[in-house]
Structure formats: structure tokens, C-alpha cells
Amino acid sequence: MKKILVIEDEELVRNNIVEILDTVDFRVIGASNGGIGVQLAEEHLPDLILCDVMMPELDGYGVLAALRNNPVTATIPFIFLTAKGDKTDIRQGMNLGADDYLTKPFRRKELLGAIEARLIKHDTLYQGYTREPSRAAAPVADLAPERPDSIYSDHLTNLPNQLLVREQFEPLRDRIHQEGGSIWILLIGLDRFKRINKTLGHDFGDRLLMEVAKRLSQCVRPGDILARLHTDQFAIVLASGSDKGDRPTLSDSRYASSISTPKLIPEAIAQPILDRLIQPFYLENREIFITASIGISIYPQDGEDVDQLMKNAGVAMSYAKQLGGNQYQSYTPTLQSESLDDLTLETSLRYAVEREELQLYYQPIVGLKNGRIVGAEALVRWHHPQRGMISPVQFIPLAEQTGLIAPIGEWVLQTACNQTKSWQTEGLPPVRVAVNLSFRQFNQVDLSDRLVRILDESGLNPSYLELELTESILVQNVELTIAKLNELKSMGVKISLDDFGTGYSSLSYLQQFPFDLLKIDRCFVQDINTNTTNAALTKAIIQMAHSLNLKVIAEGVETSEELAVLYENQCDNIQGYFFSRPVKAEDFKRMLQEDKHLERQSYSTSHFKD
């Protein structure tokens, strides 16, 4: 397994690169600055180094100079990562001995392509070729020149790898041009394979992948190419003649009679694979069930080269996974446009923190005893340089799906604490800041340590920080949740239950969890003055919360009439457009300076005093 050292001071970027490389079976080592990077390079002697240019302590040029001056590390392939990438920077790096440059933001394909090219070149120059014929290439040996197994074969399954697929595609395409027909690419991704690795360990996962490879090899004919691309992804490349009556692949009697019908060809290709993989695997006295998602693209209609066809098959496979898995999907241009938009947005989101495109807005929380601001909820906003403001409804789910929600959430925590302390230092009335914790954040094993570090760095008294959690986060493991909440409470922070009333079991947990506040969801507050059911439920929630010594915040208050009902029912605090939309930090600061507040006698008149 190849070792790659990633030297990058931005934790978000470093984690993103590590996540990508982990999926391709590299062993990845991370370094947070240049000095540590040099030490790790000398200690581990990685096969390749990815290094940021601009870093504290020792920049990328210093790292490269140090490594090139050390005979032990002098020949390690070295790729610079930079957000600048002008000619002067590139020339400086190349003069020092860099092998390549990647300009941020780069896509997954660019990163893996650069790494693959450097590793192959290095193996060729420094290791030489192994002339023993490759067993993995046997099905297509008539098309393949002599090649080193280490480059063209997957080390685990002994199947061809992505490099061999690329090499074999052009001869196959030339043959199809002469004889007619089409080339089919099936991209096969195992569903939820990471869960198996996490639960049963990587060794077990490797053995399962070897068994999957064996089953897939039973699904191809001589002349078809079966390859392992990434950790849990395989590909089958096959050709069909235009007028010979060839069926595309796979011998399965259930589909033999329908092969001549073009509309049923995808089913004849993909469904037998799904049926074979869904049969149980028996490993280490365990019975394991897995499913797969298959994406199909066809040459020439879906692409002219292997990269385009692989990409389009990947788009179709991703769609199959979104639909629940254990199915196949053929590529269509409609899928491509949707996927490209998501991919482009994901790529931009990965660098949004680094490029300071994220902003925090603050929505005031107002106490109803005196009408004054007692706190604010910190809400993240994304100002994209080309697309303008992107709605949280669009990018927050994407952040959760990709795992970016954890680093973004940590940035929100750090920024909110720094800003709140800054207001206090300026002599403004002290207010509490509320920050939402995502599921991933709450389940970080070192959450308390991270929180301690953030509070120490900002200097904010923990009593001015409120952590908001939804019920869906809390009910996964009640005992562990209670222990973690008590640990957070012992630090002095406040804990609030967000969106109360929307979960089916909220009432049963109120007494178990150590909450300080309860937030009534806006669906109960809306039209509370005319909707008798909402009014009764809200009144009951407030009374119940007070009996448990909990403060209550009503969200989504938009009218003076709603506010009046909440005040009559002794709600403690309100938040919503009636008082203010979420605003930038400087606008919230101005509200504190000007003592913007509600006049109690005007709760039913929709006026408030500035």
C-alpha cells in the first residue's frame, strides 16, 4: 500500500484530501505544518508528498529544499498545493525540484490523476520493470504489452486496476470502430461498505472485497475487463458487436431470450450482478449480506473517451445509491446536469472556509421580561464569489452528506465565541450566543477537548455559550448522550433542546437530559393567536418546561399578535422576524449599542422602540 504524506496547515483542506485518498487505498499521513512535515517525511519515507505552499513556521519551499538536501528523501515525488499558482510561484517550486503543481480548488480527478502520474513515473525511473506477465491482465492479454504487475494490478484482489483499464480502452475502441458495435462500462459500488470496515475492521473488509472480486469474475466472459478501481468500487468494460447477435456480457438463462430487445439490455447486463452479490457471504463464521449500486454508460453515445464514460457511469451509480441502492441506473444527460451542479458546489464548499467565503449572521433572542436582547443564535451563511448567497437549505445538507459539516461547525463555534468575547471587550452588554451542533460534531470523541480549546483561545466565559441540539441527535444512544451532556454541562456551557415538539418522543426525554433551555418550534408558534390547537399545545409546553426549571424560547415569531399570546403564557424569550431577521455581526453590534428593544405595552401593536 502506497504511503502519501499530506502537509497542509488548513485542517479542513487536509482532512478533505485525507478523506479522498483513504477511498483509494492509500495509507495517508497528515502534517499540520512544514516543520512536522519534514520530520514525518524523514521518519516514514512516504511514496509521495502533497505540500501546501503558504504555511507558518516553514513554508512549502522550505520543506522541499530540506527534503531535496537530504539523500534519504531527495527522490520522493513532491506535488505543491497552492491557491495562488501564478507563473512565478510555479517556477520557484520547479527550480527547487517539485514534480507537479495543483492549484486550489482542484477536483478529486485532478488530485488522483496527478498522484497516479507521479507514482508511475517514479516507479519507472527508480524501480525498473518486472517482466513477469500479469495474471490480472489475463482476460485481455492479447491486447496488453508487457507491464510491471505493481503498476497495473490491484494489490488486494489481483484484478487489473484503473491504469490498465485506461490502457486497454483505446485498442478496444479502435476495434469497435472497425467492426461496429458499442462499449459498455459498468461501475459497481458496494452500498454502505464503510460501515462494515468500521464495525468489523479493515482486515475483514479486505477479505470481503476479495470474495466480491471472485463473484464478479464469474460474471464476465473472456475478453471483458473486470477491474478494481477504488476501495469499494469495481468496473466491468465489455464490447458488443453490432450485427453478430452478441449479447453484451453475462451468461444467465433468465435473460438469454430477451437479449435481442434493446430496452432490456441494461437489465441483462446489470441485474445478474446484483442478484449474485445479494447472496450471503460466509466469512469468519459470520453471515454477511451486501448490496451494490451499478451505473452504466455506453460508448459512443455517452462519451468519446474512458474518462468521460467513467465519469458518466459514476453519475448514474451515485443516483442509484441515492435511490436506496441494490439497483442499476443508466446514464442520462439529466443526471449529469444535476450531478455536476452538486459536484461543483461540493468542490467550492470544501474551500469556502479557507477562502473566507462563510459568514456568521446573528438573530437576536429577546427576553420578554424587559424586552431587551439577551442573546443571539449564530447562523452560517455562504457568499459564493460567482453565485452570490447560497441558501443554507442547499449547502447544509450537502455538508452533512460529505462530512464537511464537522469542520464547518467547528469554524462556526470558534467564530461565534471570538465575536461574542469581542463585543464584551468593547463594553457592550454581555449576551449569550447559541450555536447548533451537528450529529457529526456531537459524536466526535474529543468534542470536550475541542470546546475547551475554543473557549480558552477566545477567552469567552462558558456561561455565555449555548449549544443547541435536536432530538434526533440525542436519542441514538441515551446513556452515552446523557454522559456527554453532563460532561459539557460541567464546563459551564448551556444546553438547549432545539425544535421541541417535532420529535415523536420529546416528552419522555425532558426529564432524562440535563437541558437548560427548550426551544419551541415555529410550527407551533405560527398563527398561535388564531389556531386554538397550537395555542393549547404551546401553553402546555411552557408550563411543563417551567415545572422542570427550564427556560423557554419561542422561534419564528413574526407578528405582534403571536408575541402577545406568548407573553400572556409567560414565555421567557422570543426569536423571529418580528424583532429582527438574522443580521451581520456589525448590525447586531449596532443593536446592542443602540439598546434596541421591545416596548412591553406595544406587544399587540407591532411597534417596538429603537
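Fair warning: this is a prediction, and the values are worked out from it, not measured in the lab.

**Some words on the overall build of the protein chain**
Inference 1: Looking only at helices and strands, the protein chain has 24 helices and 22 strands in total.
Inference 2: Expressed as a percentage of its 610 residues, the buried residues of the protein chain come to 51%.
Inference 3: For the protein chain, long-range pairs separated by at least 24 residues make up 66% of all intrachain contacts whose partners lie at least 6 apart in sequence.
Inference 4: When the accessible surface of the protein chain is summed, it comes to about 28,400 Å², and 48% of that surface belongs to carbon and sulfur atoms.

**Structural notes on the pairing of strand β3 (residues 48-52)**
Look at any regular strand and the pattern is simple: side chains alternate between the two faces of the sheet.
Inference 1: For β3, the buried fraction is high: five of the five residues fall into the buried class.
Inference 2: Sheet topology note: the strand β1 (residues 3-7)/β3 ladder contains four bridges and is parallel. Paired with Ile 7 across the bridge in β3 is Cys 51.
Inference 3: Note that β3 and strand β4 (residues 78-82) share four bridges and pair parallel. Pairing of Leu 50 across the sheet is with Ile 79, part of β4.

**Focus: a negative patch on the surface**
Inference 1: Taken together, the side chains of Glu 170, Asp 174, Glu 304 and Asp 305 define an acidic patch exposed on the protein surface.
Inference 2: Counting through the fold element by element, Asp 305 comes out in the loop between β11 (292-299) and α12 (306-322).

**Considerations on the pattern of salt bridges**
Inference 1: For the structure shown, the criterion picks out 20 salt bridges.
Inference 2: Salt bridges linked by common partners bring Glu 410, Asp 446, Arg 450, Arg 453 and Glu 457 together as one network.

**Some points on the side chain of Gln 363**
Inference 1: With respect to the helices and strands, Gln 363 occurs in strand β13 (residues 358-367).
Inference 2: Look at Gln 363 and you get buried, because its relative accessible area is 9%.
Inference 3: Polar side-chain contacts of Gln 363 include one of 3.1 Å to the side chain of Gln 575.
Inference 4: Once you skip the residues sitting within four places of it in the chain, Gln 363 turns out to touch Gly 375, Ala 376, Glu 377, Leu 379, Gln 575, Gly 576, Tyr 577, Ser 580, Arg 581 and Pro 582.

**Some thoughts on the packing of helix α17 (residues 447-458) against helix α19 (residues 478-490)**
Inference 1: One can describe the packing of α17 onto α19 by two numbers: an axis separation of 10 Å at closest approach and a directional angle of 15 degrees. On the basis of the axis angle, α17 is roughly parallel to α19. The hand of the α17/α19 crossing is right-handed. Here Leu 447, Ser 448 and Leu 451 of α17 come into contact with α19, specifically with Lys 484, Glu 487 and Leu 488.
Inference 2: Each residue belonging to the contact of α17 with α19 can be placed in one class, and the counts come to three nonpolar, one polar and two charged.

**A short note on the sheet that holds strand β2 (residues 27-31)**
Inference 1: Strand order in the open sheet formed by five strands is β2-β1-β3-β4-β5, with parallel pairing between adjacent strands. Because the sheet does not close on itself, it has two edges, and the strands there are β2 and β5 (100-103). Between one strand axis and the next, the sheet turns through 20 degrees on average, direction left out of account.
Inference 2: Examined bridge by bridge, β4 and β5 share four bridges and lie parallel to one another. When the sheet's bridge partners are listed, Phe 80 is paired in β5 with Tyr 101.
Inference 3: In the packing of helix α2 (residues 34-44) onto the sheet, contacts are made with β1, β2 and β3, and the angle to β2 comes to roughly 145 degrees.
Inference 4: Sheet strands touched by helix α3 (residues 60-68): β1, β3, β4 and β5. Its angle to β4, the strand with the most contacts, is close to 170 degrees.

**Focus on empty space enclosed by the protein**
By rolling a water-sized probe across the atoms, one finds the places where empty space is left.
Inference 1: Counted according to the given criterion, the structure contains one cavity of 30 Å³ or more.
Inference 2: Computed from the structure, the largest cavity encloses a volume of approximately 40 Å³.
Inference 3: Glu 410, Leu 413, Gln 441, Gln 444, Leu 447, Arg 450, Leu 451 and Ile 454 are the residues that line the largest cavity.
Inference 4: When residues of the lining of the largest cavity are traced back to their parent elements, those giving at least two are α15 (405-425) and α17.
Inference 5: In terms of residue count, the dominant contributor to the lining of the largest cavity is α17 (four residues).
Inference 6: For the lining of the largest cavity, the class distribution of residues is four nonpolar, two polar and two charged.

**With respect to the packing of helix α7 (residues 162-179) against α12**
Inference 1: In the contact formed by α7 and α12, the axes pass within 10 Å of each other and the chain directions differ by 120 degrees. The pairing of α7 with α12 is recorded here as oblique in orientation. In contact with Val 165, Arg 166 and Phe 169 of α7, α12 contributes Val 306, Asp 307, Leu 309 and Met 310.
Inference 2: Split by residue class, the contact of α7 with α12 holds five nonpolar, no polar and two charged.

**Some details on the sheet that holds β11**
Strand-to-strand pairing in sheets goes through backbone hydrogen bonds, with the strands running parallel or antiparallel.
Inference 1: If you trace the five strands from one edge of the open sheet to the other, you get β7-β8-β6-β11-β12, paired in mixed fashion. The open sheet is flanked by β7 (225-230) and β12 (327-330), the only strands paired with a single partner. Averaged over all pairs of adjacent strands, the angle between strand axes in this sheet comes to 20 degrees, irrespective of strand direction.
Inference 2: Pairing between β7 and strand β8 (residues 233-240): five bridges, direction antiparallel. Within the sheet, the bridge partner assigned to Leu 226 lies in β8 and is Ile 236.
Inference 3: Relative to the sheet, α12 contacts β6 (182-190), β7, β8, β11 and β12, its axis offset from that of β11 by approximately 145 degrees.

**Some details on the confidence of the model for the protein chain**
Inference 1: Put simply, the protein chain has an average pLDDT of 82, and 85% of its residues get 70 or more.
Inference 2: Note on residues 128-149: pLDDT under 50 across the span, and 33 contacts to partners over four residues away in sequence or across chains.
Inference 3: Predicted confidence for residues 242-264 stays below pLDDT 50, and this span has 40 contacts to residues more than four positions away or in other chains.

How each quantity is defined
Along each chain, residue indices are assigned from 1 in the same order as the chain's sequence is written. Predicted model: local features are reported for residues with pLDDT of at least 70 only, side-chain atom pairs are reported and counted for 80 or more only, and whole-chain, interface and lining totals are derived from all residues. Values shown for side chains rest on all heavy atoms present in the structure; no hydrogens or waters enter the calculation. Only DSSP runs of H or I reaching four residues or more are called helices, and only runs of E reaching two or more are called strands; each is numbered from the N terminus. Only protein chains enter the area calculation, which uses a 1.4 Å probe; residues under 20% of their type maximum are buried, those over 50% are exposed, and those in between are partly exposed. We call two residues contacting when some pair of their heavy atoms lies within 4.5 Å. Where accessible areas are quoted, they stem from the Shrake-Rupley method and a 1.4 Å probe; at the residue level, only the protein chains shown are allowed to cover. When DSSP finds two or more bridges between two strands, those strands count as paired. Patches here are clusters of residues that have more than 30% relative accessible area and form no salt bridge, with a 9 Å joining cutoff for like charges and a 5 Å cutoff for nonpolar side chains (Val, Leu, Ile, Met, Phe, Trp, Tyr). When a carboxyl oxygen of Asp or Glu is within 4 Å of a side-chain nitrogen of Lys or Arg, the pair counts as a salt bridge. A positive count includes Lys and Arg, and a negative count includes Asp and Glu. His and the chain ends are not counted in either. By convention, the point assigned to a charge is CZ for Arg, NZ for Lys, CD for Glu and CG for Asp. As used in this structure description, the phrase polar contact means that two N or O atoms lie within 3.5 Å; if the pair is within protein, one of them must be able to donate a hydrogen and the other to accept it, and residues adjacent in sequence are counted only when both atoms belong to side chains. Angles shown run from 0 to 180 degrees and are taken between the N-to-C directions of axes, each axis being a line fitted to C-alpha atoms and, for helices, limited to the stretch in contact. Orientation labels follow simple angle bins: below 35 degrees gives roughly parallel, above 145 gives roughly antiparallel, 65 to 115 gives roughly perpendicular, and whatever is left gives oblique. It is the rotation of the near helix from the far one that decides the hand of a crossing: anticlockwise by less than a right angle makes it left-handed, clockwise makes it right-handed. Three classes are used, and their members are as follows: Ala, Val, Leu, Ile, Met, Phe, Trp, Tyr, Cys and Pro are nonpolar, Asp, Glu, Lys and Arg are charged, and the others, Gly among them, are polar. Residues are said to line a cavity or pocket when one of their atoms sits within 4 Å of a point; the points come from a 1 Å grid over protein atoms alone, cavities being sets where a 1.4 Å probe fits but cannot get out and pockets being open sets with protein on both sides within 12 Å along at least five of seven lines. Grid points are joined across faces, edges and corners, and a volume is the space filled by probe spheres set on the points. Note: pLDDT gives the predictor's confidence per residue, expressed from 0 to 100.

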